[in-house]
Amino acid sequence: QVQLVESGGGLVQAGGSLRLSCTAAGSFGWIVVMGWYRQAPGTQRELVATFTRGGTTNYADSVKGQFTISRDNAKNTVYLQMNSLKPEDTAVYYCHVVYEGVDRWGKGTLVTVSS
């Protein structure tokens, strides 16, 4: 079973940057997709970005050009570089992985952007 360890959230002023990381630990085969989702108060969880093992990335329109997802397959780690942060980026960010037909969610890391 995969365990996901997230880090990098926190409080930042508008215009600032944060880098989130998520490492998958445990016993598993290939991780097909690693990605990030977010959920702001009173809203549904939404896709932020995903990165397949083959190197394909996908971004929500709202973060294109602002966020960059990257992945280190050797370390089973996915990163989310978030630049030019805005108050509307405030949310709990969840790591998500898909492997062997199973998906797992991290516990989430809070990102708060002050105006």
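Scroll up for the structure.
Looking at this structure, I do not really get the pattern of salt bridges. What am I missing?
Oppositely charged side chains can pair when the atoms bearing their charge come close. For the structure shown, the criterion picks out 3 salt bridges. Salt-bridge contacts for D89 lead to R38; the nearest nitrogen and oxygen are separated by 3.0 Å. With D89 in the loop between β8 (77-82) and β9 (91-99) and R38 in strand β4 (residues 31-39), this pair connects stretches of sequence that are 51 residues apart. Relative accessible area serves as the criterion here: at 2%, D89 is assigned to the buried category. Residue classification places R38 among the buried positions, given a relative accessible area of 7%. K64 is the partner of D61 in a salt bridge, and the nearest nitrogen-oxygen pair spans 3.0 Å.

What am I meant to see in the side chain of R38 here?
A distance of 2.9 Å separates the side chain of R38 from the side chain of Y93, its partner in a polar contact. Setting aside its immediate chain neighbours within four residues, R38 contacts Q44, R45, E46, V48, S62, V63, F67, D89, A91, V92 and Y93.

Would you mind showing me how to read the pairing of β4 here?
Side-chain direction in a regular strand flips from residue to residue, so the side chains alternate between the two faces of the sheet. The buried fraction of β4 amounts to 7 of the 9 residues, a majority that puts the element mostly inside the structure. Across 8 bridges, β4 lies against β9 in antiparallel orientation. Residue pairing in the sheet places W36 in a bridge with C95 of β9. Here 6 bridges tie β4 to strand β5 (residues 46-52), and the two strands are oriented antiparallel to one another. Bridge pairing in β5 links R38 to E46. If you look at the hairpin formed by β4 and β5, you'll find 6 residues sitting between the two strands, and G42 has a positive phi there, around 75°.

How should I be thinking about the environment of T112 in this particular structure?
Take T112: it is sitting in strand β11 (residues 109-114). Judged by its relative accessible area of 27%, T112 is partly exposed. With near-sequence residues (within four places) excluded, T112 lies in contact with G10, L11, V12 and T90.

How do you make sense of the packing of aromatic side chains when you look at a structure like this?
The relative placement of two aromatic rings is captured by the distance of their centres and the angle of their planes. Under the defined criterion, the tally for this structure stands at 2 aromatic pairs. Measuring from ring centre to ring centre gives 6.1 Å for F28 and Y99, while their planes differ by 65°; the resulting arrangement is edge-to-face. Of this pair, F28 sits in the loop between β3 (18-26) and β4 while Y99 sits in strand β9, placing them 71 residues apart in sequence. On the numbers, 5.0 Å between centres and 70° between planes, the contact of Y37 with W105 is edge-to-face. Here Y37, found in strand β4, pairs with W105, found in strand β10 (residues 102-105); they are 68 residues apart in sequence, far enough to count as distant. Residue W105 is classed as partly exposed on the basis of its relative accessible area, which comes to 38%. In this arrangement the basic side chain of R19 is found over the ring face of Y79, its NZ or CZ atom lying 4.1 Å from the centre. R45 extends its terminal NZ or CZ atom over the ring of Y94, reaching a point 3.7 Å from the ring centre.

Rules behind the numbers
- Starting afresh in each chain, residues are numbered from 1 along the sequence in its written order.
- In view of the model being predicted, local features appear only for residues whose pLDDT reaches at least 70, and side-chain atom pairs are presented and counted only at 80 or more, with totals across whole chains, interfaces and linings using the full set of residues.
- To get the side-chain values, all heavy atoms of the structure are used, and hydrogens and water are removed first.
- Whenever Lys or Arg places a side-chain nitrogen within 4 Å of a carboxyl oxygen from Asp or Glu, that contact is recorded as a salt bridge.
- Going along the chain from the N terminus, every DSSP run of H or I of four or more residues is numbered as a helix, and every run of E of two or more is numbered as a strand.
- A 1.4 Å probe rolled over the protein chains alone gives each residue an accessible area, and that area as a share of the maximum for its type sets the label: buried under 20%, exposed over 50%, partly exposed in between.
- Residues adjacent in sequence count toward polar contacts only when both atoms are side-chain atoms; beyond that, a polar contact is any pair of N or O atoms within 3.5 Å, and within protein one must be able to donate a hydrogen and the other to accept it.
- It only takes one pair of heavy atoms within 4.5 Å for two residues to be counted as in contact.
- Two strands are counted as paired when DSSP detects at least two bridges linking them.
- Aromatic contacts are taken between Phe, Tyr and Trp rings whose centres are within 6.5 Å, Trp giving its six-membered ring; a plane angle under 30 degrees counts as stacked, one over 60 as edge-to-face, and the others as tilted.
- Each ring is checked for a lysine NZ or an arginine CZ that lies within 6 Å of its centre and within 35 degrees of its normal; such an atom marks a charge sitting over the ring.

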